[in-house]
Each structure stands twice: as C-alpha cells, then as structure tokens.
Protein chains: 2
Amino acid sequence: MHYRKVLEIAMGILAVGSIALDSIKTPFGHGEKILGGSATYFGASASFFADVSVVAVVGDDFPSEHITFLQRLGVDTSGIERRAGKTFCWAGEYGFDLNTAKTLDTQLNVFADFAPKLLAAQRKLEFVFLGNIDPDLQRNVVAQMEHPKLVACDTMNYWIGSKPGALRKTLERVDVLLINDAETRQLAGEANLMKAAKIVLGWGPRTIIIKRGEFGALMINDKTVFGIPAYPLEEVVDPTGAGDSFAGGFVGYLSCARELDAAAMRKAVVFGSVMASFNVSELGPKRLGQLTYAEIETRFRELRALTHFEDI
Amino acid sequence: MHYRKVLEIAMGILAVGSIALDSIKTPFGHGEKILGGSATYFGASASFFADVSVVAVVGDDFPSEHITFLQRLGVDTSGIERRAGKTFCWAGEYGFDLNTAKTLDTQLNVFADFAPKLLAAQRKLEFVFLGNIDPDLQRNVVAQMEHPKLVACDTMNYWIGSKPGALRKTLERVDVLLINDAETRQLAGEANLMKAAKIVLGWGPRTIIIKRGEFGALMINDKTVFGIPAYPLEEVVDPTGAGDSFAGGFVGYLSCARELDAAAMRKAVVFGSVMASFNVSELGPKRLGQLTYAEIETRFRELRALTHFEDI
C-alpha cells in the first residue's frame, strides 16, 4: 500500500530529469544498458508516496518494458517524449569504495536537445523536482509552473563549474537544494561545510540537504541543523541513483504532509534516506520495483531506533 | 562542575598511551612542540567525568607546564615517568580536507622503550583505556589489572599491518574497540563496513565504535547499531586528538553510569562526540583546558535536538 493511500491528501509531483540506459560495473554486480537516469530513480521512489508525473526524453531505441516498469509503480509517463535517435547512455564503474563513480562514457544523444515543455496538467502540480540537468532548463521548468508549493533541485560539479551564473539564478527559484559535501564546498568556494551551506542559503534556497552517501544526510536551514546516519547495510550492490531515490522519498513524503513544518521536513529526510538505502541494495532501480510500503515504514522505524538516545 | 561531582559514583579510569610534543600545521593554525599524545587528549577529556590516572613516559626536555595543564584538570599524573632523553615528537600537516593528517616526522625517543608498569593503586582501577600503542604493551597492561570492569582500546593501521597476530590476541581482552572506517575494513579484510565490524566482534570485543570524524560515529554490537552525526562546526582548527578526546568522553561517562546498559553506551557515544567536537575547535588540547561541564551538557542536548525526529 502506498503512502498516498494512507493519507489521501497527497498532492501531485512533477519530476524533470534524465531517463538513461546505464552500463554499470561494481565489484558486486554489473549490467549493460539497464534503466537509469534521475527522473527514473526519483519517479520510482516518489511513487510510493504520491502521484508523480515525469518529464523526460528517450530515443526510439528505448525498450517499452522500461516504461511499463514505471507505469506499474503508478508513475505518470505521459510526459516522456520519444524522439528519433538514441537514448542518453551513461557508463560508469565503482571500486570497493562505492562512494564515487568513475564515468567511462557519456553519450547525450536525444538528451542533448532536451527542452522540457510541460503539459497543461503538469503546470498545475504543487511539488517539483528538478533533476540534475542544465540550470537554464531547470529555471525554464519552474517558470512554466503555475503555483508550485515546493521546488526541490539537484545539481552537480559539472554545472557548478561550467554554468555558475545560470545556477545562481536557478537557485533563486528553489526551495530545497539537494547536493553533496564536495559540491556544497565548490558552489560556495568555502572549505567549511557549515559556512558553505550558509553562503548558499543566502542565494535563495530555504533549505539545503547535504547527501553524504554511506555517512547519512544533513539538513540545514537558517535556524537549525538536522542530521542522520545512513541506514547500515551489509550489502551495497550499486549506488547509482541513490541521490535521486533520496529526493524521491523526500519530496514524496512532503507532498503527503499536512504541513511543510520542521517536523515534516525532518521526517522527509528520513524517508529519503530509507528510499536510498533500499535502492542501493540491487543493481539499477530493481529494488524499488519490488518494494512495498510496509518495508519502507519498517525501515523508517529502524532508523528511528538506531538514532535514539536518552537525555542526560 | 565536573560530572563526577554531579553523580558521585564515578569509578577511576586508567589511561595508558603516549604523551608527545606535536608540531602541527593546518590551514587554520599551527604550533611547534605543543602538548599532544593519546594519553594527554584522553586524560584531559575524561577528567570532566571522573578521576583519571595516566601512565606514560616523557623525556627530560618535557616542559613542566604541560604536567601542570593536566593536573589542573584533575588528572593524576603520578604515573607519568620522566626519563633521560627526549620526549616523543610527532610532526603532521592537514590540508583543507581536515580528515587525514600527513605525518611529516615521527621521533619515538623515550617512547621507543615504553613498558608501562602500573602502580598498585592503578591496578585496582575499574575502567581502562589502552591508547594507540604496540598491542603487546596493551595486552601487558590488561594483564596487570586486577578486575577491570571495562577495557576500551584504540589502534591504528600501523599495528593492523605490522602486528596483526598480537593485535588479535589483545582484542580477546578488550570490551570496546574504538577504530575508524578504513581501519575496520583493513582489520577484517572486508570492504563492507557492517560485515567487517561483525567479523571483528567475533574476535573478542563486545562493542565496536567506528569514529568517522566529521561524519559522526557508529556503535555496533551483536544486537544493534547506534549512529549519530558529528556536531556541526563552523570552525575546525585542528583535528589532532579528536579520537582520543572521543574515547575520553566515552569511557569517562561510562565510569559514571549506574549500569553499563545499552542506554548508557549510547549516551557515552554522544558524550564522546561532544568532547571531540570541542577539542577540534582549537590547536592541540587547548580547548579542553578551558572547557566547563555546563558547556558539555549544553552540547549534548544540542546534539539530541539536532538528531530528533518524530515517529511516522
């Protein structure tokens, strides 16, 4: 049973990003041209909480079974455009230290000309996730939204380095920035993470979520900090999509929350962490396809138990 | 006011390790031949909770003001032997990534022949901290103790690589092993941290505490895992001694706890984390010399607030 079925107050989510065919090699598994991309991982993850509508582009080589995979999870795929040409391909490799991927090959293909144009119904959605794409495109998506309640945004070192000005303009329109440690430091030009986060908070986002992989996550706003460790896993097969699965759990839960207050934001970080922890335990988004909401809830409570300590 | 004054049930702690003259360079501060060493940081930190007796060796060049520094904190320095020769010297440098030190120079000097011999009163102490020294010496210390209630032990990659057999024998006598991520993996020969920890738990320790620097700490035993993020700091000047300060808070608190149960162990990890967070904010052990117990308690509660989240 999905979260939205529990509360029945979930509002719709728009997710814009990539859909890719990934070739992944890790010490614990490998796959050729498996389903990937930020919109895929986000959509599959958020689908456990709310209705998600995905905007992305694929080529005429894209297997229809991948569309079916998303549809079975309840993802609205009507915004996935199919164009002549090849689907975006990424090839990457991870060592025993699964924290960072080594990119072996990137072929943008049809993704090179991606210019997301939203359908009328999509413009009315309340929650927006801007996957890791050109910040100019991200800003263009926000401009098309009628009255978004919350805009969450991912980015990466590539855009921080190549389009810092465009990214700064996009950040003015963003409520929550999801980013990793090194990217936060790079973006702000400041070695201390907390100082760096405060600098970036001055540029627009009300909240920054720092994703730290196996070390957990931090949420920082102008008043407080919230931190959790990652759910400890004995089997990590493939970290690809961990960040987008995190974002899916985070935005997904918030879209069900009665209020976007501090308590809901914290729980959303925990749900994000839970979704990422499931995702990395199998190659690609496979685990998300087999997940149940009961498992999510159990792991949320496990994370609560393993971070609890009493007052002095 | 120290913790032991609050509860008045604290039992004594024996700490065996190094006392050194450190030359440290970080992007945020530097010092020549300042007070350092595992016994120093542990003793200064644990002194806020309980009576600590330090066993170590220094040379005839060791400034008496350093002994005074420890004595002012209430550390029993009668077990610090002064020998002809020079004090152990370490020189290290940290980059903007303060996580790892680059050792520039190590001169063991009088520390090369360190063979801790405990005084009669020290053998009766209930809590033991074995600082990062030769595992054969660590085991020799445990053998001299009459009825230790808890033995905590630190080690490092050097001993894991050079004396694995001796270290394994020492671990059979240890209750709590404090270690970092990479050392845990190296010790167990296993890439997955949780699996590695379980392997090491099979060798003797009932509990493993994995110190992760700016990413916090994990405590693992055969039943449960406990994790906390590090206290977020806007100023980190010098990470030297963070691990030993952590151990001082951890063992120090436990020596005051009415029972060594799961709740006390968790709180001890938090106190360890709090002490490490104070220590890194100034060069050497300076901050510990100025600390008050009220500050420790405040930061404990801040860490509690920043890790709290509600149930679903």
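Rules used throughout
- Residues numbered from 1 in each chain as written.
- Chains lettered and ligands numbered in written order.
- Predicted model: local features only at pLDDT ≥ 70, side-chain atom pairs only at ≥ 80, totals over all residues.
- Helix = DSSP H or I, 4+ residues; strand = E, 2+ residues; numbered from the N terminus.
- Rg over C-alpha atoms; globule rule 2.2 N^0.38 Å.
- Buried ≥ 20, exposed ≤ 12 C-beta atoms within 10 Å, placed from the backbone.
- Contact = placed C-beta atoms within 7 Å.
- Least-squares fit on C-alpha atoms with pLDDT ≥ 70 in both.
- Axes fitted to C-alpha atoms, helices over the stretch in contact; angles between N-to-C directions.
- Parallel < 35°, antiparallel > 145°, perpendicular 65-115°, else oblique.
- Left-handed = near helix turned anticlockwise from the far one by under 90°.
- Nonpolar A, V, L, I, M, F, W, Y, C, P; charged D, E, K, R; others polar.
- Pairing = 2+ DSSP bridges.
- pLDDT = per-residue confidence, 0-100.
- Expected span 1.5 Å × (residues − 1).
- Arc of directions from axis to C-beta.
- Core = buried A, V, L, I, M, F, W, Y, C linked by C-beta atoms within 7 Å.

**A few points about the overall build of chain A**
Thought 1: Across its full length, chain A holds 13 helices and 13 strands.
Thought 2: Compactness check: chain A gives a C-alpha radius of gyration of 18 Å against a globular reference of 20 Å for 312 residues, within 12% of the reference.
Thought 3: In terms of overall dimensions, chain A has C-alpha extents of about 65 × 40 × 40 Å along its principal axes.
Thought 4: Relative to its 312 residues, chain A shows a buried fraction of 53%.
Thought 5: Here the contacts in chain A between residues at least 6 apart in sequence split such that 68% fall between residues at least 24 apart.

**Here's the deal with the environment of G272(A)**
Residue and element names in this part refer to chain A.
Thought 1: Residue position: G272 is located in helix α11 (residues 262–279).
Thought 2: A tally of 29 C-beta atoms within 10 Å means that G272 is categorised as buried.
Thought 3: The sequence separation of G272 and G249 amounts to 23 residues, and the corresponding C-alpha distance is 4.0 Å.
Thought 4: Once residues lying within four places of it in the same chain are set aside, the contact partners of G272 are A217, F246, A247, G249 and F250.

**A word on the relation of the copies chain B and chain A**
Thought 1: Each copy of the sequence occupies a distinct position, and chain B is placed on chain A by a rotation of 180° and an axial shift of 0.0 Å, giving an RMSD of 0.0 Å. Taken together, the turn and the small shift mark the pair as related by a two-fold rotation axis.
Thought 2: Of the interface residues in chain B, 100% have counterparts in chain A that sit at the interface too, so the contact is made through matching surfaces.

**Concerning the packing of helix α2 (residues 38–46) of chain A against helix α10 (residues 242–254) of chain A**
Residues and elements named next belong to chain A.
Thought 1: Two numbers describe how α2 lies on α10: the axes approach to 7 Å, and their chain directions differ by 40°. Between α2 and α10, the crossing angle belongs to the class labelled oblique. As α2 runs across α10, the sense of the crossing is right-handed. Across the interface between the two elements, S38, Y41, F42, G43, A44, S45 and A46 of α2 pack against D244, S245, A247, G248, G249, V251 and G252 of α10.
Thought 2: Broken down by class, the residue content of the contact of α2 with α10 amounts to six nonpolar, seven polar and one charged.

**A closer look at the sheet that holds strand β2 (residues 20–26) of chain B**
Residues and elements named next belong to chain B.
Thought 1: If you walk across this open sheet you meet the four strands as β3-β2-β6-β7, and the pairing is mixed. One side of each edge strand has no neighbouring strand; the edge strands of this open sheet are β3 (29–36) and β7 (101–107). Here the average twist between neighbouring strands, direction ignored, is 15°.
Thought 2: Here β2 pairs with strand β6 (residues 89–94) via five bridges, running parallel. Counterpart to D22 in the pairing with β6 is W90.

**Observations concerning the confidence of the model for chain A**
Thought 1: Of all residues in chain A, 97% attain a pLDDT of 70 or more, and the chain-wide mean is 95.
Thought 2: Of the two predicted TM-score estimates for the complex, the pTM is 0.95 and the ipTM is 0.93.

**Focus on the interface of chain B and chain A**
Thought 1: On the chain A side, the residues contacting the 32 residues of chain B number 32 residues.
Thought 2: The set of elements that each furnish at least two residues to the side of chain B that touches chain A consists of α9 (193–201), β13 (225–228), α11 (262–279) and α13 (293–307) of chain B.
Thought 3: The element contributing the most residues to the side of chain B that touches chain A is α13(B), with five residues.

**Focus: the sheet that holds strand β3 (residues 29–36) of chain A**
All names here are of chain A.
Thought 1: In space, the four strands of this open sheet follow the order β3-β2-β6-β7, with mixed pairing throughout. Edge positions in the open sheet fall to β3 and β7 (102–107), since each of these has one partner strand only. Strand-to-strand twist across the sheet, computed as the mean angle between neighbouring axes with direction ignored, equals 10°.

**A word on helix α13 (residues 293–307) of chain A**
Thought 1: With 15 residues, α13(A) should reach 21 Å at 1.5 Å per residue; the first-to-last C-alpha distance of 21 Å fits that figure.
Thought 2: Residues of α13(A) that are buried: I296(A), F300(A), L303(A) and T307(A). Taken end-on, α13(A) shows its buried residues confined to a sector of 65°, consistent with a single buried face. Of the exposed residues in α13(A), those oriented more than 90 degrees away from the buried face are A294(A), T298(A) and A305(A).
Thought 3: Along its buried surface, α13(A) packs onto β13 (225–228) and α11 of chain A together with β13 and α13 of chain B.

**A closer look at the pairing of strand β12 (residues 217–221) of chain B**
Residues and elements named next belong to chain B.
Thought 1: The element β12 is extensively covered by neighbouring structure, given that four of its five residues are classed as buried.
Thought 2: One ladder, built from five bridges, connects strand β11 (residues 207–211) with β12; its direction is antiparallel. What sits directly across from I210, in β12, is L218.
Thought 3: The turn linking β11 back onto β12 is made up of five residues, and G213 within it adopts a positive phi angle of 60°.
Thought 4: Here four bridges tie β12 to β13, and the two strands are oriented antiparallel to one another. Within β13, the position partnered with A217 by the bridge is I228.
Thought 5: What sits between the antiparallel neighbours β12 and β13 is a turn of three residues.

**Remarks on the packing of helix α5 (residues 135–144) of chain B against helix α7 (residues 164–171) of chain B**
All names here are of chain B.
Thought 1: With their axes 8 Å apart at the nearest point, α5 and α7 run at an angle of 25° to one another. Accordingly, the angle class assigned to the pair α5 and α7 is roughly parallel. In this structure, the crossing between α5 and α7 has a hand that is left-handed. For the pair formed by α5 and α7, the contact residues are P135, D136, Q138 and R139 on the first element and A166, L167, K169 and T170 on the second.

**Details of the nonpolar core**
Thought 1: A152(A), F250(A), A152(B) and F250(B) are the most contacted members of the largest nonpolar core, which has 194 residues in total.
Thought 2: Residues in contact with F250(A), not counting those within four places in the same chain, are A152(A), I209(A), A268(A), V269(A), F271(A) and G272(A).

**Regarding unusual backbone geometry**
Residue and element names in this part refer to chain A.
Thought 1: One non-glycine residue with positive phi stands out, namely K33, at about 50°.
Thought 2: Within the secondary structure layout, K33 lies in strand β3.
Thought 3: Even without glycine at this site, N109 takes up a positive phi of about 55°.
Thought 4: For N109, a count of 19 C-beta atoms within 10 Å corresponds to the partly exposed category.

**Regarding helix α8 (residues 181–188) of chain B**
Thought 1: For α8(B), the full list of buried residues reads E183(B), T184(B), R185(B), L187(B) and A188(B).
Thought 2: G189(B) sits one or two positions beyond α8(B) and adopts a positive phi of about 65°.

**So, the environment of F48(B)**
Residue and element names in this part refer to chain B.
Thought 1: Relative to the assigned elements, F48 resides in the loop between α2 (38–46) and β4 (52–59).
Thought 2: By C-beta crowding, F48 is classed as buried, having 27 other C-beta atoms within 10 Å.
Thought 3: Along the sequence, F48 and G248 sit 200 residues apart, while their C-alpha atoms lie 8.9 Å from each other.

**Some thoughts on the pairing of strand β10 (residues 176–180) of chain B**
One face of the sheet, then the other: side chains in a regular strand alternate in exactly this way.
Residue and element names in this part refer to chain B.
Thought 1: Most of β10 sits out of view: five of its five residues are buried.
Thought 2: As defined by bridge partners, strand β9 (residues 150–154) adjoins β10 across three bridges and the pair is classed as parallel. Each bridged residue has a counterpart across the sheet, and for A152 the counterpart in β10 is V176.
Thought 3: For β10 and β11, the ladder comprises five bridges, and the chain directions are parallel. Paired with N180 across the two strands is K211, which belongs to β11.

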